Every structure is written in structure tokens, then in C-alpha cells.
Amino acid sequence: CSGGGLLVYSDSNPLKRTLTADGQETKKKKVVVLGSGWGGYSFLSYLNNPNYDVQVVSPRNFFLFTPLLPSVTNGTVEARSIVEPIRGLMRKKGFEYTEAECVKIDASNKKILCRSKDGASKDAKEFDMDYDILVVAVGAKPNTFNTPGVEENAHFLKEAEDALKIRQTVINSFERASLPDLTEEERKKILHFVVVGGGPTGVEFSAELHDFLVEDVAKIYPKVQEFTRITLLEAGDHILNMFDKRITAFAEEKFQRDGIDLKTKNMVVGVTADEISTKEIATGRIVSEPYGMVVWSTGIGIRPVIKEFMHQIGQGQRRVLATDEWLRVEGCDSVYALGDTATINQRRVMEDIAAIFSKADKGETGTLNKKEFKTVVKDICQRYPQVELYLKKKKLRNIANLLKSANGDDTEVNIETFKQALSEVDTQMKNLPATAQVASQQGKYLAKCFNKMEKCEKKPEGPLRFRGEGRHRFQPFRYRHFGSFAPLGGEQTAAELPGDWVSIGHSSQWLWYSVYASKLVSWRTRSLVVSDWVRRFIFGRDSSS
Ligand code: FAD
Ligand code: MG
Ligand code: MG
Ligand code: MG
Ligand code: MG
């Protein structure tokens, strides 16, 4: 890197100053990072540029390994084991951390307003913080779709506290249902567990709860076991609808066999302290049932601070905060966003087609020769991921084959054939899912950009990168999908890996154990989780609350 990044001695705060290439002493750029989750933690772990003064703001002084959160609800894994304190990383990297929540972003003055964690209490402190560059990785919040009573009566499964509360509630329910002098109806109500949302989290939680009921409760609370019931509610036609159909079918059958009451095409319309009301979508009929505990897991929504920020920068009409492919927030300067809180606003090839063509056409001949064509193809695939997906779908090895089908053996390509060949690629555009996989890859990508920022900053990127020109330019973010898992309980997991590879059963459960053990961010958490698993195999789950 240029710039050197030497530290200077005689300043009262030497860590905040740096030397430039010509020996001038300047203030370091202040990078403020919001959030210590998948996106933020990954960004911070890979960030390695001594020219930045890094300040992290998050209400949570730890990173949470969310994929194992459902296992905390029944005590398979302890909450402590999937939490990595952030202070360790801060010390190692020389970053600073403030335990607070950002409550307002003021993009025009490059300032944020923060509030200490004890938010509502009278001891809460509010303070401003300046930034030169802001990295927003605040994640999302559970989405209730404004369904009445959910906020007050249902449990969410998003944070470590949520999982612990659920665990405590489940165990308390069994203790309460075991009290003398209860009617059968009362016991049934207390032990009716309702899960709302048939996505991966809702399904995994139902499976974990079911395992707990058959493997542990049967032994510990044999008298009340017959009164337990799990209901899984889903508004759509099927559960796990983002997975392969084979996985959905297997999961639905397994749940039916297990006695989980699976109700698809049912929408929750309200939750009171004692009853949950659902509407059958086909008939419009509303049914209310008594319950003991409701866990709400129907997807995510925008945090209020981001919503307000979007209004400020002219994104008020959008559903999610939009960035470009370099993760820069559209409509303001020096703000980046990643993870669940943002979406990449992917460009359409067809919108840029004339510009792509004329940039590629170096001699301005109105046609592209073979060499020009090859170069442009490489660049299109870089910037527009839909091109590769389209080729894959059409089973074509590369875009040259695609063009051959449009242009025959002619070696010169004119704009019309070029357009025609690419006319359908935009149909393959899709938003990236809100997953840890995406957030952590984005964090790593952004850190790598920041690590070579000095080289890149001087060379603004065009819509395309051309060989020889701007070698140090940032490449746009590209996501690599490594597959997804859906644990289904009873030591069985469904796995969907790249290349349409689907595997369901006990062998994938072992794959799941090993993948998640390897993804844990430190050897400390890894050894804790593995020993939790071993303990559970040998002694069963801990059932004290
Ligand atoms: P988060 O990880 O949620 O981090 C947000 C951070 O911002 C937190 O530290 C939070 O405290 C902080 N924050 C919040 N508000 C503010 C504020 N105002 N100011 C400053 N900081 C703030 N994904 C997978 O790929 N595989 C899985 O198996 C998987 N399983 C999951 C299981 C569960 C139960 C859940 C809830 C999620 C699961 N996910 C999984 C999804 C994954 O956890 C998210 O996609 C991922 O956490 C998104 O990362 P993020 O950095 O955007 O947000
Ligand atoms: Mg984060
Ligand atoms: Mg997280
Ligand atoms: Mg989140
Ligand atoms: Mg996102």
C-alpha cells in the first residue's frame, strides 16, 4: 500500500495519526462500524489497514453464532458456547469498542447519535460520534407484520436472551403442568407449543423441541407427556419453500410421522395472552386455540434507525436499504452497508447494454472483433452475476457459445446481435438471501477493499473493468453459495449443496456437525460446542431452568 501507515510518536493520541507518502502527518480516517454480528464481526476480523482509526458501536459486546441458536432452546448447546466476546478482537486489532446503540444516522454532517444500552432508563447516556466512513451492519429485527398481540405475547428467536427465555419457558411449562389439581384441559393448554413460520428457523426449532419432548421429557415428566402438542403454522403452501422440493416433502412427512401438527395455508391474525387465532386462507374461517407458548419466526424487517436513514437519503420508497455492488449505500457518501440490513441493487445488463458495447468497441468501428468480444465477456460476467446463472441454466459453457447461437459463425458482432444474445439474461436476477453466509462474505469482501483503499480510491470504477486500466480497482462483490442445511431433528438433517446435490438423513447430520464446528469463529467456542454435543450424547440435556 502507498501511504506507509507509520505511527507517529509525540502526539497525545499517537494511534489516531499517520504519515502520508510525502512524510506529512495527518489525522487517520475514522471508520465507524455499527454492529458486531455476522457482517460486522467478519469485516473487523479481516480489516487490516493501519491508516484507519476504527471505532465499533454495538449494543452487544459479543458475536453470536446464530445457526446454533435453536440448539440453545432445549439445552443441546449452552448459550455461552456460541458467543464470542468482541473485546478480544478489539485488543488484538487495536480497535475501540463502545457498548451503545446507534439511534440516528446524520449522513449530511457525517455524524451518528448513540444511546447507551440501558436505553429506556434515566441513567441512559446519549452522545454524538463523527465518522469519515460509516459501515452499517446492524442486521434486522423480527417481522410481526403488525399482527396484533405478537410483540406482547410471543417469543422471538433472534438473540441469545431469546433462546434462554424460550428454554426457561419450556421447562417452566412442564413444571407448571405437573402441579396437582389441574384439569386435563389446563395441562393441555400449558403444554401446547405453537411455532409460527415454516422457514428454516421455525422448522429447526420445532424439530429441536420435538427431540426434547421425546428424548428427555418422556423420562423426566412421564405423567404429563401425553398432554404435549407442537403446532407449526405456515401461511404458504409448504414449509421450507426456499429448499429443493425433495427436502420439503421429506420434512413434511417426517413432521407428520413425529406427530407435529403441521398446518400450512394458515395465517395468524392475532395472539392474546391465552389464545392464538388463525385464518384458513382457502375458506377465510378463523379458529382460536388456547396455547402455552408461541414462538414467532416469520422473517425479518427493517430496524427503525435504518428506516429513518432511508427517508433522509431518498430511499423512503424502498423496502430495504439499497447499496451498489461495491456495498456503498445509494444516495449518500462514505456509507457502506452489508448483511441483513441491506440489499445489493443489482444492475440490469439491458440497461447498460449500449454503454457496455461502446466501451468494448475500442476502434469505434460499430462492431466488436473477437478479442474485444472476449474481453467484454469476462467483464460482463464480473459485474452482472445473472449472466453466469443464465449460462448455467441454458447449459452453455460460456457467452461465446451463446453468441454463436445468435450470430452463427460470423466473427464480428454488432450491437443488435449483442443485444439479442443477452436479451434474456436479466430474468436470472435475484436478491441474495438474508443469511450468515452472505453477511460474512460481504464483511470479508469489504475489509479487503478497505485494506487496499489507498490504491483504489484514486481510480473510480466505471461500469466495467478493462485490462491494463485500473488494475487495483475494486471488483464488485460476488457471492459464493456453499449450500444450506435444514436440521429436522432425530439426528437427521437435509442438505442442499451447489450443483443440485440433495442429501437427507443421518449422514448429512454428521456433515452438519462438522461444517458448523468448522465455521465457529474461535477455537474456544469450537471446543465448548463440541463438548456440549458430547455431553448431550452421554448424559442427555440439562432440564433445570
Ligand atoms: P446480525 O448478525 O444480526 O448482527 C447485527 C448486529 O448489529 C448485532 O451485533 C446487533 O447487536 C447490532 N445492532 C443492532 N442494532 C444496532 C444499532 N442500532 N446500532 C448498532 N448496532 C446495532 N444464516 C445462515 O447462513 N445459516 C444458518 O444456519 C442460520 N441460522 C439462523 C438461525 C437463527 C435462529 C437466526 C435468527 C438466524 C440464522 N441465520 C442463519 C441468519 C443469520 O444469522 C443472519 O443472516 C446474520 O446474522 C446477518 O448478519 P448481520 O451482520 O446482518 O446481522
Ligand atoms: Mg453485523
Ligand atoms: Mg450474528
Ligand atoms: Mg440480523
Ligand atoms: Mg442483505
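One can find the structure itself at the top, above this paragraph.
Here the structure is a predicted model, which means the values were calculated and not measured. (Residues numbered from 1 in each chain as written. Chains lettered and ligands numbered in written order. Predicted model: local features only at pLDDT ≥ 70, side-chain atom pairs only at ≥ 80, totals over all residues. Heavy atoms only, no water.)

### Quick notes on the coordination of the magnesium ion (ligand 5)
The condition is simple: Coordination here is defined by N, O and S atoms within 2.8 Å of the metal (3.2 Å for Na, K and Ca), and since water is not considered, a site can look incomplete. Residue burial is assigned from relative accessible area. The probe radius is 1.4 Å, only protein chains are included, and a residue is buried under 20% of its type maximum, exposed over 50%, and partly exposed in between.
Around the magnesium ion (ligand 5), the donor atoms from the protein are Gly339 (O) and Ala342 (O), and they sit 2.3 to 2.4 Å away. Accessibility classification places glycine 339 together with alanine 342 in one group, the buried group.

### Comments concerning the packing of aromatic side chains
Just so we agree on the cut-off: Stacked, tilted and edge-to-face are the three classes assigned to paired rings of Phe, Tyr and Trp, where Trp is represented by its six-membered ring and a pair needs centres within 6.5 Å; plane angles under 30 degrees give stacked, over 60 edge-to-face, the rest tilted. Helical segments are the DSSP runs of H or I of at least four residues, strand segments are the runs of E of at least two, and each set is numbered from the N terminus. Geometrically, a charge over a ring is one whose NZ (Lys) or CZ (Arg) sits within 6 Å of the ring centre while staying within 35 degrees of the ring normal.
All told, the structure shown has 20 aromatic pairs when counted by the stated rule. Ring geometry for phenylalanine 373 against phenylalanine 418: centres 6.5 Å apart, planes inclined by 80°, an arrangement best described as edge-to-face. Taken together, the residues phenylalanine 373 in helix H11 (residues 370–383) and phenylalanine 418 in helix H14 (residues 415–422) connect sequence positions 45 residues apart. Using a relative accessible area of 9% as the deciding quantity, one classes phenylalanine 373 as buried. On the basis of an interplanar angle of 65° and a centroid distance of 5.5 Å, the ring pair of tryptophan 512 and tyrosine 513 is categorised as edge-to-face. Judged by its relative accessible area of 4%, tryptophan 512 falls in the buried class. Exposure remark for tyrosine 513: the relative accessible area of 9% places this residue in the buried category. The rings of Trp38, Tyr41, Phe63, Phe65, Phe485, Trp510, Trp512, Tyr513, Tyr516, Trp533 and Phe537 are connected pair by pair, giving a single aromatic cluster. One residue, lysine 519, lies across the ring of phenylalanine 482, its end atom 5.8 Å from the ring centre. Note that arginine 526 overlies the ring of tryptophan 523, its terminal NZ or CZ placed 4.2 Å from the centroid.

### Considerations on unusual backbone geometry
For asparagine 146, which is not glycine, the phi torsion reads 55° and is therefore positive. Residue placement: asparagine 146 occurs in the loop between strand E11 (141–142) and helix H4 (150–153). If you check the backbone angles, serine 334 has positive phi at about 60° while not being a glycine. Within the secondary structure, serine 334 is located in the loop between strand E21 (321–323) and strand E22 (335–337).

### Some points on the pattern of salt bridges
Put simply, the rule is: Salt bridges are defined by distance alone: a side-chain nitrogen of Lys or Arg within 4 Å of a carboxyl oxygen of Asp or Glu.
Applying the stated rule across the entire model yields 25 salt bridges. The closest approach of N and O atoms between arginine 541 and aspartate 216, which form a salt bridge, is 2.6 Å. Separated by 325 residues along the polypeptide, arginine 541 in the segment after helix H18 (523–539) and aspartate 216 in helix H7 (residues 200–220) bring together distant segments of the chain. Across this residue pair, the class does not change: arginine 541 and aspartate 216 are buried.

### Focus: the nonpolar core
Under the convention used in this document: We define the nonpolar core as a collection of buried residues of types Ala, Val, Leu, Ile, Met, Phe, Trp, Tyr and Cys that are connected through side-chain atoms lying within 4.5 Å of one another. Bear in mind that the domain bounds are from an automatic or database domain assignment. Two residues form a contact once any of their heavy atoms are found within 4.5 Å.
The biggest cluster of nonpolar side chains holds 92 residues, and the ones touching the most others in it are Leu44 and Phe450. Looking at this core, you find at least three residues from each of domain 1 (14–140 + 302–343) and domain 2 (150–301 + 482–539). Apart from the residues lying within four places of it in its own chain, the contact partners of phenylalanine 450 are Val31, Phe43, Leu47, Asn49, Tyr52, Ile133, Val135 and Tyr336. Core analysis: the next-biggest nonpolar cluster, separate from the first, contains 25 residues, Val57, Val138, Phe309 and Ile313 among them.

### As for the environment of tyrosine 291
Along the chain, the position of tyrosine 291 falls in the loop between strand E18 (286–290) and strand E19 (293–296). On the accessibility criterion, tyrosine 291 (4% relative accessible area) is buried. Excluding residues that lie within four positions of it along the chain, tyrosine 291 makes contacts with Asn153, Lys189, His192, Val194, Val271, Thr272, Ala273, Asp274, Glu275 and Ile276.

### Points about the pairing of strand E27 (residues 492–497)
For clarity, the cut-off: Note: two strands are recorded as paired if DSSP finds a minimum of 2 bridges between them.
Burial analysis of E27 places six of its six residues in the buried class, the great majority of the element. Of the two faces of E27, the one lined by Gln492, Ala494 and Glu496 and the one lined by Thr493, Ala495 and Leu497 are each fully buried. Taken together, the five bridges between strand E26 (residues 484–489) and E27 define a ladder with antiparallel strand orientation. Each residue of the ladder has a partner; that of serine 484, found in E27, is glutamate 496. Count of turn residues in the E26/E27 antiparallel hairpin: two residues, of which glycine 490 carries a positive phi of about 60°. Bridge analysis of E27 against strand E28 (residues 501–505) gives five bridges, and the strand direction is antiparallel. Bridge pairing in E28 links alanine 495 to serine 503. Hairpin connection, E27 to E28: the antiparallel pair is bridged by three residues, and glycine 499 has positive phi, about 85°.

### As for the sheet that holds E27
Put simply, the test is: A fitted line through C-alpha atoms represents every axis, and for helices the fit uses only the stretch in contact; the resulting angles, taken between N-to-C directions, go from 0 to 180 degrees.
Strand order across the open sheet formed by three strands is E26-E27-E28, with antiparallel pairing between neighbours. If you trace the sheet from one side to the other, it starts and ends with E26 and E28, each paired once. Strand-to-strand twist in this sheet, taken as the mean axis angle between neighbours without regard to direction, amounts to 10°.

### Some words on the packing of helix H5 (residues 160–177) against H7
Rule in force here: Orientation labels follow simple angle bins: below 35 degrees gives roughly parallel, above 145 gives roughly antiparallel, 65 to 115 gives roughly perpendicular, and whatever is left gives oblique. Whether a crossing is left-handed or right-handed is set by the direction in which the near helix is turned from the far one by less than a right angle, anticlockwise for left-handed and clockwise for right-handed. Under the convention adopted here, Pro, Cys and the residues Ala, Val, Leu, Ile, Met, Phe, Trp and Tyr are nonpolar, Asp, Glu, Lys and Arg are charged, and Gly plus all remaining residues are polar.
Running from amino to carboxyl end, H5 crosses H7 at an angle of 40°, the nearest separation of the two axes being 13 Å. Between H5 and H7, the angle falls in the class oblique. Considering only the axes of H5 and H7, their crossing is right-handed. Each of Ile166, Val170, Ile171 and Phe174 in H5 lies in contact with H7, whose residues at this interface are Phe205, Leu209, Phe212, Leu213 and Val217. Looking at the contact of H5 with H7 residue by residue, the classes come out as nine nonpolar, no polar and no charged.

Bear in mind that shape data such as this cannot, by itself, settle questions of function.
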